Every structure is written in C-alpha cells, then in structure tokens.
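# Coordinate inspection notes
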Amino acid sequence: MSKPTDLVQGTLDLLILRTLTHEPMHGWGIAQRIQIVSNHVLQVRQGALYPALHRLEQQGWIRAEWGDSENNRRAKFYSLTKAGQKYLQKEQANWERLSSAIGLVLDEARS
Amino acid sequence: MRWFAKISLRMRSLFHRRAADDELDAELRSHLERQIAANISAGMSEAEARRVAMREFGGVEQLKEECREMRKINWIQDLAQDIRYGLRMLRKSPGFTAIAILTLALGIGANTAIFTILNSAALRLLPVPHADQLVTAGQNIRSANGNMHRNVHDDGSFVSYSEYRAYAKENRVFSGLLAYSAFTETTLGGNKPQPIMGTLTSCNYFNVLEIRPELGRFFADSDCAAPGESAVVVLSDSAWRGTFAGDPAIVGKPVMLNRTSFRVVGVAPPGFEGTVTVASSFWAPLTMVKAFRPADDFLGDDDLSWLAMIGRLKPGVSSQQAEANLSVVASGLNSLQAGRITTITLGRATLLAMPSLRTPILIIGGLIMAAVGLVLMLACANIANLLLARAAGRRKEIAVRLTVGASRGRLIRQLLTESLLLALLGGAAGALASFWSVAAIFRFALAHLPKDPELAFALHLNSDFHTWSYAFALSVLTACLFGLAPALRASRADLTLAMKEDGAHSQTGTISAGRLRNSLVGSQVAVCMLLLLASGLLLHGLYRAQTIDPGFQMKNTEAVVFDLSSAGYTPQRAAAFQRQLHDRLAALPGVDEVAQATCIPLGNSHDLTGFSTPDKSKSYEMEYNHVSANFFRVLGIPVLQGRGFTDAEARSGAHLAILSQSTARRFFPGQNPIGQMLHGGGEPNSRVADWQVVGVVADAQVATLGDSRKLYLYEPAGPGQQQDLKVMVHSAAADPAIAKEIDSVTAGLDPELSVTIAPLTEVLEFWREPARVVSVLSVILGTIALLLASIGIYGMVSYGVSRRVREIGIRMALGADNRDVMWLVVRQAMFPVLTGALVGMVLCAAVSTIFSAILFGVSPLDPGSFISMPLLLLTVALLASYIPARRAMRVDPMVALRYE
C-alpha cells in the first residue's frame, strides 16, 4: 500500500481550512465536501480527519461548537477563526508557490 | 486571544477529561451514523451499510488515542498515570525497591557530598552583598625577549603594590578595586604566643565588599595614607569570640601582632571570614606589611607580585568592558618596562578564585568525584540488571499493552517513569543524608590531615540551589543510565511470540538481552577492578609509608622550628640568637648534639633552585639545604667520599657543596666528583655562585618520603642563613621532658617568638596522613564496588540458570554430570568477568601514575597489587557464580523436562 505521505499531513490541514471558509461544518460533511469537490480523487479517511481537526482546534485555527444539523441530529460544527483565516491565506500562497514551482520543473523536464 | 483560547482548551481537556472524552465519543458516533445513513441511501442494506462504515472507520480506540494525543496535555495525564502506576509497581516488589533506592541513595549521596564541598569553594560566590557584581582581576606577565625578572609571592596572577595603585586609580569600570594578601601567618603575642592567620588589605576592602562591622569601624582611607603609620586591626567574629572571649570592650584595645602593637578598631560580622578558602582571623592595612614581613620591601619592590585584586563593577558595566579597560591600564604599565606584555584575566569572585589554589583542589576534587562517580555507575549497572530481569517477567504484560494500542514511545515513557521514580527517591534520600553529614565528614577528614592549628576553612557547607540542582540532575541522569536500555529492550517485544508463550523460558530476545546483561556485568567488573587496584596500590603505599626506613636517623631527635626573619630579626641579631640558643640547648642534660639546617628533613618547607656544571652541559632543578657541620652525624647519614663540612666552614658560609650519591652520579658520571665545581643558587636573594664539591654522602629520603634518589645538595649554613635556620636537638636517650626544656630555653631567649617543637619522627605523619585518608576512602569505595559487582555477577548467573533449566535437564538426561553442568554455567559467567577484569587492569595501569606522590616508592604497576587484587576479584566472582550454579547442579532432569 502506498502511503499518503507527509505531504498529506500539511495538505490535509490546508484542505480542511479551505473547506471551512464557506460555512461551519461537521467532520463527516468536511470529508464528503473534499471528496466531492476533488471529483473523488481525494478521499479523507476518518483516521486522519479527526486527529487533524483536533490538532487545528488546539492550534486555534478553528473552533468547534455543538449545534443541530439537518433532521435535528446534534453534531460538532467546526468554523474558521480569524487566526485560521490568516493562516490559511499564508499557507495557500505557500502552496501555490510550491506547486507552480514543481509544475515549472516538471514542464521543463518534459520539454 | 488565540493564546487564551488555546489555554482554556488545554485546561478543559486537563480538568474535564471525562467530558472531553464523551464529546469525542459522540462526535465519532455521529460520524459513523451519518456514514451508515449515506451507505443506506446509496442502496445498501442496513447491516451491510453498518459493516462497511465500521470497516472504513478502522480502529476506534486507536483513533481516539490519536485525537487525545493532539490535545497536547496528554503527557500530563500520562505522567500522572505513569507515576501512579510506577508507585504501585514499586510497592508491589518492596525488596527490589528498597535495594535499588538504598544503592542509589549511597551513590548519589556520596556524589552530592563531594559536590557540596567543591560548590562551596569553587562555584558559590563570596558571602557578601551583591556578590555577582564582584570580579577577581589578575594579570599575567610575559616578556617579548624572554628575560623578564619577576618575584612571585604565592600566585603568579598577583600584582605588585605599585601596579595595584595604577589599576585602582586609572580604571573607569569599578566603583572600587580592592587588593589583599591572604595567608599572612604571624604571631599573636600574649602570655602564650600563638600562630594566627590573617589578611593584609587595602583600606577600601570592606567598603568594596559592602560589609558592615559588627563592632567598631572598618578601615578609613587615612589608615593607608602612610606606610607603617597606622597600626590598626579588624578581628574576625570567631577570633573575637574565641581568642578574646567576646570581650565587649575589645575596640580600642591593643593586640600584639608579630611584636607590633595594633589597636583593634572593629570586629567583622559573623560568617565573613575573608575572600579565600582559608579563614582569616584578622585584617590589617597592607601598608603595615613591614610589621609582618620585615625582611622584604613589599611596598617598594615593583617586581614583587603579592596582591590579589577584587573589583566591584559599576552598574551596567560588563566584565568584557572591565577586562578591556584594565588592559588599557596594563598597556600603560607595559610601556614602563621594555618588552613587557601583560594580559588581564577576570573571574567570578569565589573563595577559590586564585589559580594556585583552584588548580590542585579541582584536580583532587575531580579525582574523588571520578571514583565516587564510578561507584554510582556500578550501582546503575546493578539496577539496570534487576530491571532487565523484571522486564523479562513482565513481557506478557507489556505485550498485552502493545496489542491494545499503546505506542512504543508511550511504553518506554512509562518504564522510564518507573526508573525516574526510583532515582528521585534514591536521590532525595541520598541528597538529604549528604547535606546532613557532609560537614561532619569534612571535619573528620580535616582532623586526619596534617595539623596546622591556625588553619581553619572559610567554607560554608550548606545546600543551595546548585547542590539541589546537582542532586536532581544526577538523579535524572542515573535514571536514564539504568532505565533506558531495559526500557528500550522490554518495549521491543515480539507480540505474537510473547502472547503465545508462557513467558517463562522463551529464547526469543534472550540472546541480545543476555549480551546486554553480560556487557553490563563486564563493565561492572572493569570499574570494580579499577577501584580495587587503586585501593590495593594505595594500601601498599600506606604500608610502605608506615614501615619505611627514610635512610636517616630520626630517633631521640626533636625538631625546633621558628621563623626569625618574619619575627623581625636582623641577620646580626639572628646570629646572636642562634649562637645562644645552640649553646643553651647543648648544655641541657642528656642532649649530646644540636644541629642546624634551613630545612628540616622531610619537613613541610623546602628550598628549590637550579644547579649546573660550569660548561652548562648539565643543569638540574633540585632541592638543597644549608646545614651545620654535625648535621650528617646527627641524622646518621654516612659520608661516602671526601669529607663533611668543618665548623669553621659552616660559620663562614664558604662556597662548598656536598652532594648525595645519586646527584654526584648524575652530574659527574664515571668521574671523581670531589673538587668539581657547580654553578647555581643558594645565596640569600637567589644570587647565583660557584660551589666546590668537597664530599658525597649516602642517599637519604630527606626531600620526599619513598624517594631516596631525588637530587639533593647541601651547602654550609653561613652568616647569610642565620634568620632561616631551624634546630634539631639529639639526646642520648629517650627523654619525655625534653620538649618542655627546649621550650623554656627558647622562651627564656625570646618570649614573643612562636616556636614549634616536635619529635623528628612526627614529620613522617605529614606524609602518612594524606595517604591514610586516601587509602581509607579507596578501600571503602573498593569494597562497595566489589559488593555491587558480586551482586551483579550473582544476578547474571542465577538468571541464566533459571532460563536454562530445561537445557540443563536435557544435558543431564543425556549423561552430563554435575561437573559438566557446573563448568557450563561458570564458564559462561566467567567470560564477561575475565574480559571486564582485563579492561579494568589496563585502565588502572594507564592512570595509576597519578597516585605516585602517595605511593612512597611503590611502583604504579606494583606486581603485588596487580596480582592479588585480580585474584581477589576472581575469587569473589567465582563464589558469586558458584552459589547459583549449585542450583543448576541440583536440577532434576525429570522435573526440568516437564518444567513449563
């Protein structure tokens, strides 16, 4: 089994934060959203999702609240904090810089 | 804001753990339910939907643990849990716990005790207000052309009086710079003159140190205005309470110091005993130095280093700035003398700031620390061994914990917590014991060192932040030392195997565990061998010192020691005194010879200078002595060649020399030494001259006990040595009253002179006592080491036997007899023992020369010790392995084969 390596570690944080920019969501919803938006390329496993959510909460990037979801089920909703927004912007810029750099190298290698 | 949120989250997970856990549970459950619902709506049956969701979800408990891990406060909870668990484990095996704690208490306690002594001398700042602003300042003088002459008194980093005045006046960095000359030994006059130790100081001494007088006042600047004018003195609290019985009206009274009347102006507060390790009983202005040391011109001689300096930094000045500024002053001094290069060194103001004091004490202290540290390592090895054996018994427990989701790191942490608990308990016990006993032990050791009545130590041997942190750090270090290897090993269990087997006799992992165990025992034996050999050598040295024949006659001879030069005698008066003393002593009933010498043989002071052949082809640094004509007769040293000095030569101070046999051989091999010339020192003030050899005497251990071949030269005691001569009184038969009679003679000549009278045989004690203390210490350490090592060997063998019961049973069933089994067990045990012993012997051979000063001629590779001690160790090792091996012989093959 090929491991989703360390890249995923940082990337998952980024994906979660990005997903939360629209509205507060619960864990299952986050996983679903990422899966759908990525055309089922990215599958977020629970084993990685919940530790990541707890870590982000501990760092103060997101905050959690219990609330009612559709058909009156209680769920823990995560939302982005101010610090989290700033962090996301920074990380997203980093990521774009990195991926475009990688893209450049790959293109150059192809030609 | 973010911080606040973070902290409140952590607090919540710490104190509302249950609620946080419930929430996590609910969150994960709701996720699962959603997934199931999603699966159902995708067309699965409810049962299948649940199954798929569960499978996707994975290990719930592991996931929860991971989430908890993210809360970051886990370690606090884990720690609390580990401590509870560890305490329970320790309570469960009280025998193991008690042995481990006791061993550790011993090891850590001994280490802490030694450290407490070193700390109070070398690390702790002076006991004065704001001591962190104080720095010691010393200078080091070199010369570009290599011929700078400098007279050094006590320490090479000292400065002359004129240099001190330059530094004090021209520096811009100190609010005050003081100078002092410690170790000023002098005579306190009175009904019975007694030696007293004090310090000469600049008059700002107490101001710079910011000390307030207990009584009266300290020095004013006017006290140092004119040399020799202001005979005032400050007494220490203990001198005031002791010698002067706490006289409340002491201020203003006169005391006689070295025949000069000083007026007491004040008493220092209790607890302040000067700025060096040796306590001062009095302080006098350094401009009064002539009263204490009349022979030299301390104030006028610009080339005489005799003052130490301490400065108080102005607020905001760093010690680098101070050093730079003093260097500027020093470069001004450099310009006064061609080729002079001065370097400034600043240091922390401790009692051990002087290099000449610090170096030897730190070396000796370091050696003792090393020895005690080795014993602590032995203790660690033993506890590691015990832990390994315990870990083997706990394999199953550990495997279970690994299986249900504990991470390896978590397990190691838990095992280490147990070790840490042991070490901290042991360390606390040891540290408490050492803080209580170190002062008593220190006093005991001092009482057994050569006595010097005026010598008291200014050390305050109490615990402080340094000592507590040292004990704590040492405990943690020990815990890692003995706990890490067993914890790493134990947590590497192979789950399936460990779970399947019954845990009693598995062979898996025992090979590397056995190797670890063997190397532990091997290193124990090596350390033990090292300590045993050292104590063997030292004991042999002590025996030699007790039984040695120094090569000269000591019986019925009293050494009469006094210092006329510092008592203010001129050479003329000294000569008259010596003549009268000689005549009156010779007239005492029973006395048959009165000899004179500047150095008492094997005494605690000696003269050293260089001598060379006229063509400079051979040049040696050597001890020499000025002696009267009958010196050789009184000491029974035979003249082998040529002749001794005549009385007339001794009186005239003729330039003649007598060599010891070895010295003659070194200078003039294969030639007749009589009539040859030697060029070298010996005159007062180190003036060099030519000396004609007139005789050769037998070698004797007059310089160093145990070494008769040390180079030694005798010159006749002439008019130039009258101030420095001591007297040896020989009586025909033992006379217990002779000391008293000599005392009344000297008191009759000069009641103010402080005189020590002791049998010549007593000088040997000066050499024996340090040997005795070191030997006792090394024997104690060696015995503890042997005990610990034999426990280690015993443990290793009995564990090995218990592991191999079945194998032994099979061997016996196949016809092996008791001897074979015994051989099998003992052979395996002896491999690490022999290896360790060999390593220990090599180590000891490599370092044993450091003891040579107290071995008294016993070779550092003394075959006696290097044979007997290994034999002793091997015997004990065989015994320690024999007892468990006997158990192996009693194995019943039938029982053993069923043993499961």
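The shown structure was predicted, so the numbers you read here are calculated from the model rather than taken from an experiment.

### Re the overall build of chain B
In terms of regular secondary structure, chain B is built from 27 helices and 23 strands. The burial tally for chain B puts 41% of its 900 residues in the buried class. In chain B, of all internal contacts separated by at least 6 residues, the share reaching a separation of at least 24 is 82%.

### Section: helix 14 (residues 408–447) of chain B
With 40 residues, helix 14 of chain B should cover 58 Å at 1.5 Å per step; its first-to-last C-alpha distance of 55 Å lies within 8% of that length. Residue Ser437(B) marks the point of greatest curvature in helix 14 of chain B, where the axis turns by about 45°.

### So, the interface of chain B and chain A
Contacts between chain B and chain A engage 18 residues on the former and 16 residues on the latter. For the side of chain B that touches chain A, the secondary structure elements donating two or more residues are helix 1 (2–15), helix 2 (17–41) and helix 4 (60–70) of chain B. Looking at the side of chain B that touches chain A element by element, the count peaks at six residues for helix 2 of chain B. Its residues assigned to classes, the side of chain B that touches chain A shows seven nonpolar, four polar and seven charged.

### Some remarks on the confidence of the model for chain B
The predicted coordinates ought not to be read in detail in places where the model reports low pLDDT. Residues and elements named next belong to chain B. Scored by pLDDT, chain B has a mean of 84; 93% of the residues are at 70 or more. Between residues 502–509, whose pLDDT stays under 50, and residues either more than four places distant or in other chains, the model counts nine contacts. Two summary scores accompany this predicted model of the complex, namely pTM at 0.69 and ipTM at 0.77.

### Re the sheet that holds strand 2 (residues 62–68) of chain A
In spatial order, the strands read 1-3-2 (chain A); together these three strands make up an open sheet with antiparallel pairing. In the strand order of this sheet, the two ends are held by strand 1 (25–26) and strand 2 of chain A, each with one partner.

### Digging into the pairing of strand 13 (residues 557–561) of chain B
Residue and element names in this part refer to chain B. Among the five residues in strand 13, four count as buried, and that is most of the element. The pairing of strand 13 with strand 22 (residues 726–731) spans four bridges and is antiparallel. In the strand pairing of strand 22, Thr-557 is matched with His-730. In this structure, strand 13 lies alongside strand 23 (residues 756–759), joined through four bridges in antiparallel fashion. Opposite Val-561, over in strand 23, you have Thr-756 as the bridge partner.

### Brief notes about unusual backbone geometry
Residue and element names in this part refer to chain B. The residue Phe-183 is not glycine, and still its phi comes out positive at about 55°. Relative to the assigned elements, Phe-183 resides in strand 3 (residues 174–188). Phi at Ala-245 is positive, roughly 50°, even though this residue is not glycine. Secondary-structure assignment places Ala-245 in the loop between helix 9 (237–242) and strand 7 (254–257). With 8 C-beta atoms counted inside 10 Å, the residue Ala-245 sits in the exposed group.

### Description of the packing of helix 25 (residues 818–847) of chain B against helix 26 (residues 863–889) of chain B
Residues and elements named next belong to chain B. At a minimum axis distance of 9 Å, the contact between helix 25 and helix 26 shows a crossing angle of 150°. As far as their axial angle goes, helix 26 and helix 25 are roughly antiparallel. At the point where helix 25 passes helix 26, the crossing takes the right-handed sense. For the pair helix 25 and helix 26, contact is made by Asn-818, Val-821, Met-822, Val-825, Val-826, Ala-829, Val-833, Ala-837 and Met-841 and by Phe-866, Pro-870, Leu-873, Leu-874, Ala-877, Ser-881, Ala-885, Ala-888 and Met-889, respectively. Of the residues that constitute the contact of helix 25 with helix 26, the class distribution is 16 nonpolar, two polar and no charged.

Basis of the calculations
Residues numbered from 1 in each chain as written. Chains lettered and ligands numbered in written order. Predicted model: local features only at pLDDT ≥ 70, side-chain atom pairs only at ≥ 80, totals over all residues. Helix = DSSP H or I, 4+ residues; strand = E, 2+ residues; numbered from the N terminus. Buried ≥ 20, exposed ≤ 12 C-beta atoms within 10 Å, placed from the backbone. Contact = placed C-beta atoms within 7 Å. Expected span 1.5 Å × (residues − 1). Bend = angle between axes of the 7 residues up to and from the residue. Nonpolar A, V, L, I, M, F, W, Y, C, P; charged D, E, K, R; others polar. pLDDT = per-residue confidence, 0-100. Pairing = 2+ DSSP bridges. Axes fitted to C-alpha atoms, helices over the stretch in contact; angles between N-to-C directions. Parallel < 35°, antiparallel > 145°, perpendicular 65-115°, else oblique. Left-handed = near helix turned anticlockwise from the far one by under 90°.

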